[in-house]
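Listed below are the residues making up each chain.
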Amino acid sequence: MNEIRAERWPASRRPRRTTGPARQSGMREHNLALALREIAFAHTPVSRADIASATGLTRATASSLVDALVGAGLVVESGPTARPRGGRPATGLVLSSTGPAGIGIEVNVDYVAVCVMDLAGVVRHRRIEGGDWRDVPAPEALARAASLTADVARSARRSGLRLAGAALAVPGLVQAPYGPLQLAPNLGWQDLDVLAVLRDAPDLPAVPLTVDNEANFAALAELYAAPAEPGAPRSFLHVSGEIGIGSGIVLNGALVRGRHGWSGELGHLTVSPDGPDCTCGSRGCLEQYAGLDAILRAAGLPAPRGTSLGGVSAVERIVETAKTADPSMLAALESAGTALGVALAGALNLLDLDAVVLGGAYARLAPWILEFVEQEIGGRLLSAPWSAPQVRASLLQADAAVLGAARSVVQGVVDDPASWVARVGA
């Protein structure tokens, strides 16, 4: 188990959604969000006058809104800022590093992770604990997650942070944002109110809770971590490779969950109808060819349960073996990359996206699988000759899901600061 403090989280790269001031019902709530987004998305401190100029609000209204945001602990004054045309310096405004913070919780097959992200986007505390949670009763696994959450919550409060909520990432079909979890085949969970079970854990802090698929949260995290250069992909498929395989779909900067919130189950796309049995009950699913356990089996190595194989996780064992140029492992990785590329080409033909992001364990395996993924996409994607999608490793690797979960809480405050202002009585 480890802790990392004051880790930098990439600043939000989403474009400002300034639409002008509201004039009718909900005007103050709308304008609070308008003002806060101007501060949140700025690369340098902005002033009250800057907010008024950018939004069309009057200076008096902008100043009143900022006072409310400061009073609620969402914004702090950073000191004088230079005016572009000279004149008297204005007081700069930035997001508070001691205001509301979000907790991200991830329960996956071979680890539990928890982190706290402050409003300014800094990961302030984090815990990661390896283990084997396959077929472990949900109350036991979620009780361990609650215990780690309590640890980071205490650390966060000692740092002066106020917790706005927590979001749980799980590898399965889940109706976001409150559940239930329909199926998590690799955990052996089915038809479960995961948030109710989590709330029953005695250690869990009393904060609002939400839940979503881990691949959706990973895609959300990647969206906010994407480079800010013009033309950076706004539509992409984020593939989370672990024991299972999930994907998050981002279209024009927005996460696409599907009608029930169940989209993105790329790991259970059929690669071969006559292939091996899958944990989902079907046969020949992608994860039976490109999941971590499948890669180890193909290389003739035992699949570790959690970190039981000499304290080494599945991805670490694969990487260590691949670095020795072991022929069986290299062949297994080629096969996995080929199968993944076939599945991704089908998804891209259907969805017409700009890019594929290889996340989770695939980010670490990219040196060995990327070539074969690109080869299959290039040969199978109908539009490839005119617009070949970019394929790259994730910027966040295995941390994406837990970071995305925490980011969802923080972003909820940025999108609706009025609720937080009312909550703290500012």
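Residues numbered from 1 in each chain as written. Predicted model: local features only at pLDDT ≥ 70, side-chain atom pairs only at ≥ 80, totals over all residues. Heavy atoms only, no water.

Topic: the sheet that holds strand E14 (residues 254-256)
In step 1: Taken in spatial order, the five strands make up an open sheet running E14-E13-E12-E15-E16, and their pairing is mixed. In this open sheet, the two strands that pair with only one neighbour each are E14 and strand E16 (390-393). The average angle at which neighbouring strand axes cross in this sheet is 25°, direction not considered.
In step 2: For strand E12 (residues 236-241) and strand E15 (residues 355-360), the ladder comprises six bridges, and the chain directions are parallel. When the bridges of E15 are listed, Leu 237 appears paired with Val 356.
In step 3: Set on the sheet, helix H10 (residues 327-351) makes contact with E12, strand E13 (245-251) and E15; between it and E12 the angle comes to about 150°. (Pairing = 2+ DSSP bridges. Helix = DSSP H or I, 4+ residues; strand = E, 2+ residues; numbered from the N terminus. Axes fitted to C-alpha atoms, helices over the stretch in contact; angles between N-to-C directions. Contact = heavy atoms within 4.5 Å.)

Things to note about helix H13 (residues 417-424)
In step 1: Pro 417, Ala 418, Trp 420 and Val 421 are the residues of H13 that are buried. Seen end-on, H13 carries its buried residues on one side only, within an arc spanning 160°.
In step 2: Against the buried residues of H13 lie helix H1 (27-40), helix H3 (59-71), strand E4 (100-107), strand E7 (162-170) and helix H12 (400-415). (Buried < 20%, exposed > 50% of the residue type's maximum accessible area, 1.4 Å probe, protein only. Arc of directions from axis to C-beta.)

Thoughts on the sheet that holds strand E9 (residues 181-184)
In step 1: With respect to topology, three strands assemble into an open sheet ordered E8-E9-E10, the strand pairing being antiparallel. Each edge of the open sheet is held by one strand with a lone partner, namely strand E8 (173-174) and strand E10 (189-192).
In step 2: Alignment of E9 against E10, held across three bridges, turns out to be antiparallel. Of the residues in E10, the one forming a bridge with Leu 183 is Gln 190.

Describing helix H6 (residues 214-225)
Owing to its 3.6 residues per turn, the α-helix brings residues three or four apart onto one side.
In step 1: Compared with the 16 Å implied by 1.5 Å per residue over 12 residues, the 16 Å span of H6 between its first and last C-alpha is a close match.
In step 2: For H6, a buried count of 12 out of 12 residues is recorded, marking the element as mostly surrounded by other parts of the structure.
In step 3: Among all positions in H6, only Glu 214, Ala 215, Asn 216, Phe 217, Ala 218, Ala 219, Leu 220, Ala 221, Glu 222, Leu 223, Tyr 224 and Ala 225 are buried. (Expected span 1.5 Å × (residues − 1).)

Here's the deal with the side chain of Glu 287
In step 1: Mapping Glu 287 onto the fold places it in helix H7 (residues 287-290).
In step 2: Buried within the structure, Glu 287 lacks any salt-bridge partner; Arg 297 is the closest side chain of opposite charge, at an N-O distance of 8.0 Å.
In step 3: A polar contact is formed between the side chain of Glu 287 and the side chain of Asn 186, at a distance of 3.5 Å.
In step 4: Those residues in contact with Glu 287 that sit more than four places away from it in its chain are Asn 186, Ile 243, Gly 244, Ile 245, Gly 267, His 268, Cys 278, Thr 279 and Ala 294. (Lys, Arg positive; Asp, Glu negative; His and termini not counted. Salt bridge = Lys/Arg side-chain N within 4 Å of Asp/Glu carboxyl O. Polar contact = N/O pair within 3.5 Å; in protein donor to acceptor, adjacent residues only side chain to side chain.)

Comments concerning the confidence of the model for the chain
Should the pLDDT be low somewhere, the predicted coordinates at that spot are not to be read in detail.
In step 1: Model confidence for the chain is summarised by a mean pLDDT of 86, while 88% of its residues fall at 70 or above.
In step 2: Considering only residues more than four positions removed or in separate chains, one finds that residues 307-311, a stretch of pLDDT under 50, has seven contacts. (pLDDT = per-residue confidence, 0-100.)

Notes on the packing of aromatic side chains
The relation between two aromatic rings is expressed through the spacing of the ring centres and the mutual angle of the planes.
In step 1: All chains considered together, the criterion is met by zero aromatic pairs.
In step 2: When the ring centre of Tyr 224 is taken as reference, the NZ or CZ atom of Arg 407 above it lies at 4.8 Å. (Phe/Tyr/Trp six-rings, centres within 6.5 Å; stacked < 30°, edge-to-face > 60°. Lys NZ or Arg CZ within 6 Å of the ring centre and 35° of its normal.)

A few points about the pairing of E15
Along any regular strand the residues' side chains alternate between the sheet's two faces.
In step 1: The element E15 is extensively covered by neighbouring structure, given that six of its six residues are classed as buried.
In step 2: In terms of strand pairing, E15 meets E16 through four bridges, oriented parallel. By the bridge assignment, Val 357 is partnered in E16 with Arg 392.
In step 3: Running through helix H11 (residues 361-380), the crossover from E15 to the neighbouring parallel element E16 is right-handed. (Right-handed = clockwise from strand over helix to strand, strands pointing away.)

Examining empty space enclosed by the protein
In step 1: A full pass over the atoms with the stated rule returns two cavities of 30 Å³ or more.
In step 2: Its boundaries defined by the atoms lining it, the largest cavity holds a volume of some 130 Å³.
In step 3: In terms of lining, the largest cavity is formed by 16 residues, of which the most central are Pro 171, Asn 186, Glu 214, Gly 244 and Ile 245.
In step 4: Grouping the amino acids of the lining of the largest cavity by side-chain chemistry returns four nonpolar, eight polar and four charged.
In step 5: Quantified by volume, the second largest cavity comes out at close to 50 Å³.
In step 6: Lining the second largest cavity are 13 residues, and of these Glu 214, Glu 242, Gly 360, Ala 398 and Ala 401 lie nearest its centre.
In step 7: When residues of the lining of the second largest cavity are traced back to their parent elements, those giving at least two are H6, E12 and H12.
In step 8: Residues belonging to the lining of the second largest cavity are distributed by class as follows: five nonpolar, five polar and three charged. (1 Å grid on protein atoms, 1.4 Å probe; cavity = no way out; pocket = protein on both sides within 12 Å on 5 of 7 lines; lining within 4 Å. Points joined across faces, edges and corners; volume = space filled by probe spheres on them. Nonpolar A, V, L, I, M, F, W, Y, C, P; charged D, E, K, R; others polar.)

What about the packing of helix H9 (residues 314-323) against H11?
In step 1: Axis separation between H9 and H11 bottoms out at 10 Å; the angle between their running directions is 10°. The angle between H9 and H11 places the two elements in the roughly parallel class. Read as a crossing pair, H9 and H11 show a hand that is left-handed. Contacts from Val 315, Glu 316, Ile 318, Val 319, Ala 322 and Lys 323 in H9 reach Ala 361, Arg 364, Leu 365 and Trp 368 in H11.
In step 2: For the contact of H9 with H11, the class distribution of residues is seven nonpolar, no polar and three charged. (Parallel < 35°, antiparallel > 145°, perpendicular 65-115°, else oblique. Left-handed = near helix turned anticlockwise from the far one by under 90°.)

Quick notes on the nonpolar core
In step 1: In terms of nonpolar packing, the biggest core is built from 51 residues, with Ile 39, Ile 51, Leu 69, Leu 74, Val 75, Leu 119 and Leu 403 touching the most fellow members.
In step 2: The element that contributes the greatest number of residues to this core is H12, accounting for 10 residues.
In step 3: Once residues within four sequence positions are removed from consideration, Val 75 is found in contact with Leu 36, Ile 39, Leu 69, Val 70, Leu 93, Val 94 and Ser 96. (Core = buried A, V, L, I, M, F, W, Y, C linked by side-chain atoms within 4.5 Å.)

Considerations on the pattern of salt bridges
In step 1: Tallied over the entire structure, the rule returns 12 salt bridges.
In step 2: Here Arg 392 and Glu 222 are joined by a salt bridge, their closest N and O atoms 3.1 Å apart. One end of the pair, Arg 392, is in strand E16; the other, Glu 222, is in helix H6, and 170 residues separate them in sequence. As far as burial versus exposure is concerned, Arg 392 and Glu 222 are alike and both buried.
In step 3: Between Glu 376 and Arg 380 there is a salt bridge, with the nearest N and O atoms lying 2.6 Å from each other. With Glu 376 and Arg 380 both in helix H11 and four residues apart, the pair spans about one turn of that helix.

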